[in-house]
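Secondary and tertiary structure notes
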4 protein chains.
Amino acid sequence: MTEIKWPFLTPGIPDALFRREEGVPLTKEEIRVLTMAKVRLKPGQTVYDIGSGTGSLTVEAARLVNPGRVYAIEKEPVAAALTWANANRFGLSNVEFVAGAAPEVLAGLPEPDRVLVGGSSGKLAAILEECLHRLRPEGRIVINAVTWETLRDGMDYARERGLDPEVINVNVARLAAAGKSQLWKSMNSIYIITLQV
Amino acid sequence: MTEIKWPFLTPGIPDALFRREEGVPLTKEEIRVLTMAKVRLKPGQTVYDIGSGTGSLTVEAARLVNPGRVYAIEKEPVAAALTWANANRFGLSNVEFVAGAAPEVLAGLPEPDRVLVGGSSGKLAAILEECLHRLRPEGRIVINAVTWETLRDGMDYARERGLDPEVINVNVARLAAAGKSQLWKSMNSIYIITLQV
Amino acid sequence: MTEIKWPFLTPGIPDALFRREEGVPLTKEEIRVLTMAKVRLKPGQTVYDIGSGTGSLTVEAARLVNPGRVYAIEKEPVAAALTWANANRFGLSNVEFVAGAAPEVLAGLPEPDRVLVGGSSGKLAAILEECLHRLRPEGRIVINAVTWETLRDGMDYARERGLDPEVINVNVARLAAAGKSQLWKSMNSIYIITLQV
Amino acid sequence: MTEIKWPFLTPGIPDALFRREEGVPLTKEEIRVLTMAKVRLKPGQTVYDIGSGTGSLTVEAARLVNPGRVYAIEKEPVAAALTWANANRFGLSNVEFVAGAAPEVLAGLPEPDRVLVGGSSGKLAAILEECLHRLRPEGRIVINAVTWETLRDGMDYARERGLDPEVINVNVARLAAAGKSQLWKSMNSIYIITLQV
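Residues numbered from 1 in each chain as written. Chains lettered and ligands numbered in written order. Predicted model: local features only at pLDDT ≥ 70, side-chain atom pairs only at ≥ 80, totals over all residues. Heavy atoms only, no water.

Topic: the overall build of chain A
Of the regular secondary structure elements, chain A holds five helices and eight strands. Listing every helix and strand of chain A by position from the N terminus yields α-β-α-β-α-β-β-α-β-α-β-β-β. Relative to the globule expectation of 16 Å for 197 residues, the C-alpha radius of gyration of chain A, 16 Å, shows essentially globular dimensions. Once the C-alpha set of chain A is aligned to its principal axes, its extents read approximately 55 × 35 × 30 Å. Relative to its 197 residues, chain A shows a buried fraction of 61%. In chain A, of all internal contacts separated by at least 6 residues, the share reaching a separation of at least 24 is 68%. Total accessible area computed for chain A in this model is approximately 7500 Å², and 51% of it derives from carbon and sulfur atoms. Each charge class in chain A was averaged separately, 23 positive and 23 negative side chains, and the resulting centres sit 5 Å apart. (Helix = DSSP H or I, 4+ residues; strand = E, 2+ residues; numbered from the N terminus. Rg over C-alpha atoms; globule rule 2.2 N^0.38 Å. Buried < 20%, exposed > 50% of the residue type's maximum accessible area, 1.4 Å probe, protein only. Contact = heavy atoms within 4.5 Å. Areas by Shrake-Rupley, 256 points an atom, 1.4 Å probe, with all protein chains shown as cover. Lys, Arg positive; Asp, Glu negative; His and termini not counted. Charge placed at Lys NZ, Arg CZ, Asp CG, Glu CD.)

Below is the structure:
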């Protein structure tokens, strides 16, 4: 597999450039771009990507924080291997792979400036609690919620902690060829919750 | 197959109550409901359903205009049979089945009060032209556009004829069980164009 | 003021036909149409419209359930008067006006077949609890949630009661003239929760 | 007015940090972020921002292409002054201000790597034609269409030139405080058309 040089400073690597595996979720280009914007990255930052899945957020973040490091945390072996493969595909040497489930595996890691939460396996509140404790000053946490449960738990947690989250709901439809016509294909609706300490 | 008695005056028969065939499009419940509202139905009207597909618009309209009649126009044999099966399933005796393509097959039909356009096979302008000629006073035409081409051709036609269409774009996401979670599933984005003479 | 005869069986009275008052919310045409579909109306039903506001849901429902009755419940005097004015404007004689706040004022009313919940003033759970107790067999409750709090409280209540709500999120953009151009104007995003007993 | 240091590499400066003028359009944060991603920026590029309005795209692009230059083209004096004020506010010295209307004023400018088209005053086809001629190899043009006319004209132009545009429709709702509640406020629906040569 040839290494891909993505030469741009802006996030937004096309979905098709990532290696995929059946059943492993990919954060689609437009949502990935908005997520990078909301979490606000710069060189030198330490980032956690919790539930890295295909690794597309890890790849985009690692490019932007270099020489800072991204900790890709993933408990599913197939997804963990896929994150690794995609980090390799984009020639990134500043990604650390952490096999296991948050919040437990966060214990030994350096304190983060930024946290991305994709998958939380029903433990969102515990993950947020641990991340808030570990977060450096002016830290930010961005949650991508595709399920009702993640949205509700994230909002409930923010309210209990007296945080004032920024929340957006994003609906993107993409025009796609379908025979001689072009059809508006809608991506699934997603909620992006941003917590600033 | 048992006949289904749908006892309500409001449109909105659940999608699952229609018989389906692979590859034949179904106008989803929410879009169907909005389409019925935009076309404005009452008993006694004559309605064309051009490109009836699964027949869900035909079924909803036939219930509401009875004893008026709905002409279900469909050129694909599998879809035509499916429209017929669904009209039967809902016990409707005021549907006429017209096998063939619009605008040609419209020639011998009674003049309509209302026209629904789902499929147009690239002949939207010709279909609209013929329907506008045949339409009774205060008639209405509602176009469901899922493709760019239908949206553009419908808008271009309206502009050339000096009509002032009402146009809405509708995005509906439905919460659906996915394992222990509930996921926001987006239906494809659709445009509803309404022409009033 | 002339009485308006809306001759159609389908819901979807244009927003502009309702009398409006500054600060009193109106359920927009498309959302109103979907709400009527989700609550499923037929002649003879008894309907509560809780937080009737401008009265547009009351008007649409009263037309469809006649000779059944709609109980328009509204605690704000200006809104209550507006609901009354709009019911009058559409010549409806089957609307009962109930001044006061739910759930308290529901006590003396006949048991409903259908309940619409627009405004709940932070008492959604208590309103739903009372309505569920009063609801006739095969009853339905439809909640229009424009705020996070209504969405969350409605979902929390459904979960606690072991109900399995149908939930949709609707985004409608309407093309509107803006000088020589036509601009896509988005209505605010709304959630429609349907509870069936 | 104090200069603002926006220290992040990611686009997404909050709307509130820009100076605003009544009647001058602002590309909202989320749309701005997606626009930057679609146009794909890196240091050294030359960018045209046609119809710069408030200047928010100019500011984001200038930060990312530095020492490359952004040509902010704006025919309305108030908007031109506002673009200038915002470029100053963010301490940018690599913005050139071009007063006048495209395509005419493009004549003397250096060839661009990237073109952003916000306003086109009904001359979109002529603007695109001129930009395509001037564009350097592997150039990209991104059109933000908030009106039907811009969407249609952009799509028609792409078809006539045999280009295969990428098109997305974006709907973003933001949760906003409204009294004790939080309301989902929808931004206007927007279309982003990307042309690659």
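Considerations on the interface of chain A and chain D
Contact with chain A, which involves 36 residues of that partner, is made by 36 residues of chain D. Taken together, both faces of the contact between chain A and chain D bury some 3000 Å²; the carbon and sulfur share is 64%. Of all residues in chain A, Leu9(A), Thr10(A) and Arg40(A) bury the most surface against chain D, accounting for 19% of the area lost on that side. Linking chain A to chain D there are six salt bridges. At the junction of chain A and chain D, the tally comes to 15 residue pairs in polar contact (both at pLDDT 80 or more). Elements with a minimum of two residues in the side of chain A that touches chain D: helix H1 (29-39), strand S6 (166-178) and strand S7 (181-186) of chain A. Its residues placed into classes, the side of chain A that touches chain D shows 22 nonpolar, six polar and eight charged. As defined by bridge partners, S6(A) adjoins strand S6 (residues 166-178) of chain D across seven bridges and the pair is classed as antiparallel. Its bridge partner lying in S6(D), Arg174(A) is registered against Ile168(D). (Buried area = accessible area lost by both parts, 1.4 Å probe. Salt bridge = Lys/Arg side-chain N within 4 Å of Asp/Glu carboxyl O. Polar contact = N/O pair within 3.5 Å; in protein donor to acceptor, adjacent residues only side chain to side chain. Nonpolar A, V, L, I, M, F, W, Y, C, P; charged D, E, K, R; others polar. Pairing = 2+ DSSP bridges.)

What about the packing of aromatic side chains?
Evaluated as defined, the whole model comprises 22 aromatic pairs over all chains. On the numbers, 5.8 Å between centres and 50° between planes, the contact of Trp184(C) with Tyr191(D) is tilted. With Trp184(C) in strand S7 (residues 181-186) and Tyr191(D) in strand S8 (residues 190-196), the pair connects residues from two separate chains. Of the two residues, Trp184(C) and Tyr191(D), both sit in the buried class. An angle of 45° between the planes, with centres 5.3 Å apart, marks the rings of Phe18(D) and Phe90(D) as tilted. Taken as a pair, Phe18(D) in the segment before helix H1 (29-39) and Phe90(D) in the loop between helix H3 (77-89) and strand S3 (95-99) lie far apart in primary sequence, 72 residues in all. (Phe/Tyr/Trp six-rings, centres within 6.5 Å; stacked < 30°, edge-to-face > 60°.)

A few points about helix H4 (residues 124-134) of chain B
Residue and element names in this part refer to chain B. Every buried residue of H4 is accounted for by Leu 124, Ile 127, Leu 128, Cys 131, Leu 132 and Arg 134. What you see down the axis of H4 is that its buried residues fit within an arc of 165°, all on one side. In this structure, the buried residues of H4 make contact with strand S1 (47-50), strand S4 (114-117), strand S5 (140-145), helix H5 (148-160) and strand S8 (190-196). (Arc of directions from axis to C-beta.)

Things to note about the UniProt feature "domain: Methyltransferase" (unreviewed entry) in chain A
UniProt's entry tags residues 42-147 of chain A with the feature "domain: Methyltransferase" (unreviewed entry), counted in the numbering of this structure. Helix and strand shares over residues 42-147 of chain A are 32% and 23% respectively, and the end C-alpha atoms of the span are 29 Å apart. (UniProt positions renumbered as here; feature names shortened; annotations may be inferred.)

Some points on the relation of the copies chain A and chain D
The transformation that overlays chain A on chain D combines an axial shift of 0.0 Å with a rotation of 180°, and the residual RMSD is 0.0 Å. Taken together, these values place the two copies in the relation of a two-fold axis. Identified as the residue of chain A closest to the rotation axis by C-alpha distance is Asn171(A), at 2.5 Å. (Least-squares fit on C-alpha atoms with pLDDT ≥ 70 in both.)

Here's the deal with the relation of the copies chain A and chain C
You can overlay chain A on chain C at an RMSD of 0.0 Å; the transform is a turn of 180° with a shift of 0.0 Å along its axis. Most of the interface of chain A is mirrored in chain C: 100% of its interface residues are interface residues there too.

Re the pairing of strand S7 (residues 181-186) of chain B
Residue and element names in this part refer to chain B. One ladder, built from six bridges, connects strand S6 (residues 166-178) with S7; its direction is antiparallel. Within the sheet, the bridge partner assigned to Ala 176 lies in S7 and is Leu 183. Hairpin connection, S6 to S7: the antiparallel pair is bridged by two residues, and Gly 179 has positive phi, about 65°.

Things to note about the interface of chain A and chain C
Listed by partner, the interface residues are 10 residues for chain A and 10 residues for chain C. Regarding the contact of chain A and chain C, the summed buried area is about 760 Å², with carbon and sulfur atoms giving 55% of it. When the area that chain A buries against chain C is broken down by residue, the three leading residues are Trp148(A), Arg152(A) and Met155(A), summing to 57%. The interface formed by chain A and chain C holds zero salt bridges in total. Taken together, the connections running from chain A to chain C amount to one residue pair in polar contact (both at pLDDT 80 or more). Of all the secondary structure elements, the ones that give two or more residues to the side of chain A that touches chain C are helix H5 (148-160) and S6 of chain A. In terms of residue count, H5(A) provides more of the side of chain A that touches chain C than any other element does, six residues in total.

Topic: empty space enclosed by the protein
Remark: the empty space left among the atoms is shown by a probe the size of a water molecule rolled over them. Applying the stated rule across the entire model yields one cavity of 30 Å³ or more. Taken as a whole, the largest cavity holds about 70 Å³ of empty space. Forming the walls of the largest cavity are 13 residues, and the residues nearest its centre are Asn171(C), Ser186(C), Asn171(D), Val172(D) and Ser186(D). Of all the elements in the fold, those that place two or more residues in the lining of the largest cavity are S6 of chain A, S6 of chain B, strand S6 (166-178) of chain C together with S6 of chain D. Looking at the lining of the largest cavity residue by residue, the class counts come to five nonpolar, eight polar and no charged. (1 Å grid on protein atoms, 1.4 Å probe; cavity = no way out; pocket = protein on both sides within 12 Å on 5 of 7 lines; lining within 4 Å. Points joined across faces, edges and corners; volume = space filled by probe spheres on them.)

Considerations on the pairing of S8(B)
Residue and element names in this part refer to chain B. Among the seven residues that make up S8, six are buried, leaving the element largely enclosed by the rest of the structure. Inspection of the sheet shows S6 paired to S8 by five bridges, in the antiparallel sense. In the sheet register, Val 170 faces S8, and the bridge partner there is Ile 190.

Here's the deal with unusual backbone geometry
Cis geometry marks the peptide bond from Asn66(B) to Pro67(B), where omega comes out at 10°. As for its position among the elements, Pro67(B) is in the loop between helix H2 (56-65) and strand S2 (70-74). Backbone geometry places Glu138(C), a non-glycine residue, at a positive phi of 60°.

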